[in-house]
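Breakdown of the fold
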Number of protein chains: 2
Amino acid sequence: MAAKFVIAQGGGPTAVINQTVVGAALEIRRRHPGAKVLGSRHGVRGIRDGDYVDLSEIPEEQLRLVGATPGAALGSTRDKPDAAYCDLVLAGLKKEGADAFIYIGGNDTSGTQQILTDASGGSIAFVHAPKTIDNDLMENDHTPGFISAGEFVAGAFLSVDLDFRALPGVYVGIVMGRHAGFLTASAAAWRADEDSGPHLVYVPERAFSVPRFIDDVRATLDRHKRCIVAVSEGVTTEDGRAVVESLVPPDRLERDAHGNIKLSGSDLNMAFERALAEGLPGKRARVDALGYLPRGYVGAINSTDSSEAFEAGVFAVEVAARGGGSVALKHEGGKTVMRQVPLDAVAGKTRHMPDDFMQPDANQLSDTGMAYLKRLVPAKYQVGKPFV
Amino acid sequence: MAAKFVIAQGGGPTAVINQTVVGAALEIRRRHPGAKVLGSRHGVRGIRDGDYVDLSEIPEEQLRLVGATPGAALGSTRDKPDAAYCDLVLAGLKKEGADAFIYIGGNDTSGTQQILTDASGGSIAFVHAPKTIDNDLMENDHTPGFISAGEFVAGAFLSVDLDFRALPGVYVGIVMGRHAGFLTASAAAWRADEDSGPHLVYVPERAFSVPRFIDDVRATLDRHKRCIVAVSEGVTTEDGRAVVESLVPPDRLERDAHGNIKLSGSDLNMAFERALAEGLPGKRARVDALGYLPRGYVGAINSTDSSEAFEAGVFAVEVAARGGGSVALKHEGGKTVMRQVPLDAVAGKTRHMPDDFMQPDANQLSDTGMAYLKRLVPAKYQVGKPFV
């Protein structure tokens, strides 16, 4: 009987996650002629519900066009299956007679594959292919999706800095990334010199202090007449509380149905607006969240990122042949190579930005951090120096 | 004595306003060898304060690089000079012995030139060169800066729509434009079909109703499982009040030092978040402002926009030779041409989006509106159709 593969996508979409689907589908076509490749819609939910698209039937040209398109073409899910849910997924895979399941996503996705591996008894190869703009997967030098997102963020801050040179003031740009600061740090990737923004970079790896923040902004304004700030939505204060809790009076905090405080969205924007209005009264200030644009802006798809995401899909098929595991992107001999690592080396863990990526005494990237960013997110545009 | 020109930039920066400076500077170099070209820093403020950069001294190559850079390289200003301020500007120009003053900006900028013309007694040629992402200048088919901004917005909504196909919910993207809906409407420029977002477009030219908005979103969710909304920051309710006044309780409205209600920023985001949370409880919803990115994102500089902005600068020198006036971009014989129009045909007036650009009974572009957008902001990226 011909081999049968199931592929799914989990977590937030990215600019290049579709390349991984297409890389895997075409590699299966090449290595296993006649094999069936089912795309499960909306992650494991499609397996549970028997909702598939038959990728083996789709012409290569059409697949490649989808690969070049941002988003998650199979649909995605935020479901984190527990043991009972995993039993349903396993039953679904067995019903289809699947030989391998390639699941593309972050550390939660890897965790799902670990649970399924443990529960399956070895009849199916479970493969995790990496994807996350947060760049927070253990064992990886960087992850597919990060470079494109980093490029968008670098370009956004370069652009806003030029805007604020013309009309000075304070700008705070809130960047995705709950636990790892890589994407927020990439705001600094295209800084030309000390005068260029972002002048201040706040990452979740460092405790955030509101008074220190106001002092930092004031000092920057004194020196550069404007202040461009990149801040991660995940920054927390010394006591581990979300920064929104320090900035918004308790009775005005927005809570969800479970009583949990909302950490992102307009509350965080408004909290920063109020902190600036109180700390630096009368100063022109603008707070914006970059929102979802970094993870899939059609105009910032990096070609290295695209081809690495495609290769991660290709190598996932090799890992399936070896019985399962996680695909990891390593930096070896000056280039990116695909390696197999155990699922449990990635599952449920978070890779934080190394402490030495930041300057010890300032909220700015260190030379080490800049070297990493410049390797992955090299400058793309030549800009002229303004006359002000 | 050699001719002397002063050039300045006013209002919000754009992706291409520097092309207009460079177009004018190089045309002056060509037509008036030996002429002096002073760039005034931060608009008329530089003339008032005697703060200039000598553009005649800058090599063409360097000028062209600045031209290709977003922002406003001479710096800009929000100052709207009254008669007394204009007297100081006029005195500044006379002190320099200026023969012509080319001021690049929107309708306020044109208004300043009108006041200066009236006050000057005819010794200096006052020229307005058009610039605004709002596309709201009378006499113009479109304005330099709009196409690039429109391209960014079109790409942003295409991208967010792909994101929400993967993880369904409601997205509201708030777009700049206080009085004219062109830029918000450009969110729809790259819609592929009826299923594509943005599904709802709200422009300042039409009264906004919160209950109607919730009904529209609910109907869209029923039909498409997701709802992508483009809304102008300038939308007002039937009674002419800012929409934030309908959505935020009076005691929680943010006011500035003059008691004026803040119309944009986080308040508006939060107002939409709350309206959705109340009107469609439990629905995943995200509200983001695109903020300043449309007006100068380094990755969305449209080449037609660039060359038209350059040509507007070139033609401004011709208008100076004719004694002054405003440069207007007309659409004639299938192409964009530069024409001279009187300053008072543009000054202080707002060109609204024509009513027939919108469908009569739906918050969506009409065929007429789409034809205009597709002419100016043609599709740039080929995307594959997702499998969900």
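Criteria and thresholds
Along every chain, residues carry numbers that run from 1 in the direction the sequence is written. To label them, take the chains in the order written and letter them from A, then take the ligands in the order written and number them from 1. Local features in this predicted model are restricted to residues whose pLDDT is 70 or higher, and side-chain atom pairs enter the listing and the counts only when it is 80 or higher, whereas totals over whole chains, interfaces and linings include all residues. To get the side-chain values, take all heavy atoms of the structure and skip hydrogens and water. Secondary structure elements follow DSSP: runs of H or I no shorter than four residues count as helices, runs of E no shorter than two count as strands, and numbering proceeds from the N terminus. Note that the radius of gyration is over C-alpha atoms, with the globule rule given as 2.2 Å times the number of residues to the power 0.38. The cut-offs for exposure are 20% and 50% of the maximum accessible area for each residue type, with area from a 1.4 Å probe on protein chains only; residues under the lower value are buried, those over the upper are exposed, and the others partly exposed. Between two residues, a contact is recorded if the distance between any of their heavy atoms is within 4.5 Å. Per-residue and other accessible areas were derived by the Shrake-Rupley procedure at a 1.4 Å probe size, with only the shown protein chains allowed to occlude residues. Residues counted as positive are Lys and Arg, residues counted as negative are Asp and Glu, and His and the chain ends are not counted. Here the site of a charge means atom NZ of a Lys, CZ of an Arg, CG of an Asp or CD of a Glu. Whenever a carboxyl oxygen of Asp or Glu lies within 4 Å of a side-chain nitrogen of Lys or Arg, that contact is scored as a salt bridge. Here is the rule: rings of Phe, Tyr and Trp (six-membered ring for Trp) pair when centre to centre is within 6.5 Å. Planes less than 30 degrees apart are stacked, more than 60 are edge-to-face, and the remainder are tilted. UniProt positions are given in the numbering used here, feature names are shortened, and annotations may be inferred rather than shown by experiment. Each polar contact in these results corresponds to two N or O atoms within 3.5 Å; when the atoms are within protein, one needs to be able to donate a hydrogen and the other to accept it, and residues that are neighboring in sequence are counted only if both atoms are side-chain atoms. In this description, buried area is defined as the sum, over both parts, of the accessible area (probe of 1.4 Å) that is lost when the two are combined. Amino acids are sorted into nonpolar (Ala, Val, Leu, Ile, Met, Phe, Trp, Tyr, Cys and Pro), charged (Asp, Glu, Lys and Arg) and polar (every other residue, Gly among them). Take the number of residues in a helix, subtract one, and multiply by 1.5 Å to get its expected span. Here a strand pair is declared whenever DSSP counts at least two bridges between the two strands. The axes are straight lines fitted to the C-alpha atoms, using for helices just the contacting stretch, and the angles between their N-to-C directions are given from 0 to 180°. To superpose the copies, least squares is applied to the C-alpha atoms of every residue with a pLDDT of at least 70 in both. For each domain, the first and last residues come from an automatic or database assignment. Working rule for handedness: look at the near helix, and if it is turned counterclockwise from the far one by less than a right angle, call the crossing left-handed; if clockwise, right-handed.

Side note on the overall build of chain A
Across its full length, chain A holds 12 helices and 11 strands. Over its C-alpha atoms chain A spans a radius of gyration of 22 Å, differing by no more than 12% from the 21 Å that the globule rule assigns to 388 residues. For chain A, the spread of C-alpha atoms along the principal axes amounts to about 75 × 50 × 35 Å. Burial analysis of chain A (388 residues in total) assigns 63% to the buried set. Excluding contacts between residues fewer than 6 apart, the proportion of contacts in chain A whose partners are at least 24 apart in sequence is 75%. On chain A, roughly 14100 Å² of surface is accessible, and the fraction owed to carbon and sulfur atoms is 49%. In chain A, the 42 positive side-chain charges and the 49 negative ones have mean positions that sit 3 Å from each other.

A few points about the pattern of salt bridges
Enumeration over the complete set of coordinates arrives at 50 salt bridges over all chains. Residue B:D49 is joined to B:R48 by a salt bridge in which the shortest nitrogen-to-oxygen separation is 2.9 Å. Overall, B:D49 belongs to the partly exposed group, its relative accessible area being 48%. For B:K330, the salt bridge goes to B:E139, with nearest N and O atoms at 2.9 Å. With B:K330 in strand 10 (residues 324-332) and B:E139 in the loop between strand 5 (125-130) and helix 6 (146-166), the pair connects residues that are 191 residues apart, well separated along the chain. The exposure class of B:E139 is partly exposed, given its relative accessible area of 34%. Overlapping salt bridges, with partners in common, bring together A:E27, A:R30, A:R31, A:E318 and A:R322 in one network.

Things to note about the packing of aromatic side chains
Where two aromatic rings form a pair, the distance of their centres and the angle of their planes describe that pair. Residues and elements named next belong to chain A. Taken as a whole and judged by the stated rule, the model has 35 aromatic pairs over all chains. Pairing F213 with F272 gives two aromatic rings, centres 5.4 Å apart and planes at 80 degrees, and the pair type is edge-to-face. Taken together, the residues span a long stretch of sequence, with F213 in helix 8 (residues 210-224) and F272 in helix 10 (residues 266-279) at a distance of 59 residues. Its relative accessible area of 0% is what places F272 among the buried residues.

A look at the UniProt feature "site: Important for catalytic activity" (unreviewed entry) in chain A
Residue and element names in this part refer to chain A. Per the UniProt record, the feature "site: Important for catalytic activity" (unreviewed entry) sits at K131. Within the fold, K131 resides in the loop between strand 5 (125-130) and helix 6 (146-166). Take K131: its relative accessible area is 6%, and that puts it in the buried class. The contact partners of K131, leaving out residues within four places of it in the chain, are G10, G11, G12, T14, I17, I104, G105, G106, L137 and P144. A distance of 3.4 Å separates a polar atom in the side chain of K131 from the backbone oxygen of G10.

A few points about the interface of chain B and chain A
Counting from both sides, the interface comprises 71 residues of chain B and, opposite them, 71 residues of chain A. Summed over both sides, the interface of chain B with chain A buries roughly 5500 Å², with 62% coming from carbon and sulfur. Applying the counting criterion to the chain B and chain A interface returns 2 salt bridges. One salt bridge connects B:R295 with A:D163, and the closest N-O pair in it is separated by 2.7 Å. Counting every contact that joins chain B to chain A gives 20 residue pairs in polar contact (both at pLDDT 80 or more). Counting residues per element, the ones that place at least two in the side of chain B that touches chain A are helix 3 (60-67), helix 6, helix 10 (266-279) and strand 9 (285-289) of chain B. Considering each element in turn, the side of chain B that touches chain A owes the most residues, 12 residues, to helix 6 of chain B. Residues that form the side of chain B that touches chain A fall into these classes: 35 nonpolar, 20 polar and 16 charged.

Notes on the environment of B:G348
All names here are of chain B. Along the chain, G348 falls in the loop between strand 11 (335-341) and helix 12 (367-376). Given the relative accessible area of 67%, G348 is considered exposed. Taking C-alpha positions, G348 is 5.2 Å from N107, a pair spaced 241 residues apart along the chain.

Brief notes about helix 6 of chain B
Along its 21 residues, helix 6 of chain B runs 30 Å from first to last C-alpha, staying within 8% of the 30 Å computed at 1.5 Å per residue. Within helix 6 of chain B, 21 of the 21 residues are buried, leaving the element largely enclosed by the surrounding structure.

Observations concerning the sheet that holds strand 3 (residues 52-54) of chain A
Residues and elements named next belong to chain A. Pairing within the open sheet is mixed, and its 7 strands lie in the order 3-2-1-4-5-10-11. At either end of the open sheet lies a strand with only one pairing partner, and these are strand 3 and strand 11 (335-341). Direction aside, neighbouring strands of the sheet carry axes that sit 25 degrees apart on average. Judged from the 6 bridges that link them, strand 4 (residues 100-105) and strand 5 form a sheet pairing that is parallel. For G105, the partnering residue across the bridge sits in strand 5 and is P130. Across the face of the sheet, helix 1 (residues 17-31) comes into contact with strand 1 (4-9), strand 2 (36-40), strand 4 and strand 5 while running at roughly 175 degrees to strand 1.

Looking at the relation of the copies chain B and chain A
Least-squares fitting of chain B to chain A yields an RMSD of 0.0 Å, with the transformation described by 0.0 Å of translation along the axis and a rotation of 180 degrees. Such values leave the two copies arranged in the relation of a two-fold axis. Scanning chain B for the C-alpha nearest the rotation axis identifies B:S266, at a separation of 2.9 Å. The overlap is high: 100% of the interface residues of chain B also sit at the interface in chain A, so the same surface is used on both sides.

What about the sheet that holds strand 9 (residues 285-289) of chain A?
Residues and elements named next belong to chain A. Across the sheet, which stays open at both edges, the 4 strands sit in the order 7-8-6-9 with parallel pairing between neighbours. Since the sheet does not close on itself, it has two edges, and those belong to strand 7 (200-202) and strand 9, each with one partner. Along the sheet, successive strands turn relative to each other by an average axial angle of 15 degrees, direction set aside. Here 5 bridges tie strand 6 (residues 170-175) to strand 9, and the two strands are oriented parallel to one another. Counted as the bridge partner of V172 is V287 from strand 9. Across the face of the sheet, helix 6 comes into contact with strand 6, strand 8 (227-232) and strand 9 while running at roughly 170 degrees to strand 6. Those strands touched by helix 10 are strand 6, strand 8 and strand 9, and its axis lies near 165 degrees from that of strand 9.

Here's the deal with the domain arrangement of chain A
Residue and element names in this part refer to chain A. Along its sequence, chain A is carved into domain 1 (4-145 + 298-345) and domain 2 (146-296 + 353-376). Centre-to-centre separation of domain 1 and domain 2, based on C-alpha positions: 32 Å. Roughly 1600 Å² of surface becomes buried between domain 1 and domain 2 when both sides are summed, with 53% attributable to carbon and sulfur atoms. The tally of links between domain 1 and domain 2 comes to 1 salt bridge. The shortest N-O distance in the salt bridge between D141 and R375 comes to 2.9 Å. The tally of links from domain 1 across to domain 2 stands at 11 residue pairs in polar contact (both at pLDDT 80 or more).

A few points about the packing of helix 8 (residues 210-224) of chain B against helix 10 of chain B
Residues and elements named next belong to chain B. Across the interface, helix 8 lies against helix 10 with an axial gap of 10 Å and an inter-helix angle of 65 degrees. The crossing of helix 8 and helix 10 is right-handed. Along the contact surface, helix 8 presents V210, F213, I214, V217 and R218, while helix 10 presents F272, A275, L276 and G279. Class assignment of the residues belonging to the contact of helix 8 with helix 10 gives a composition of 7 nonpolar, 1 polar and 1 charged.

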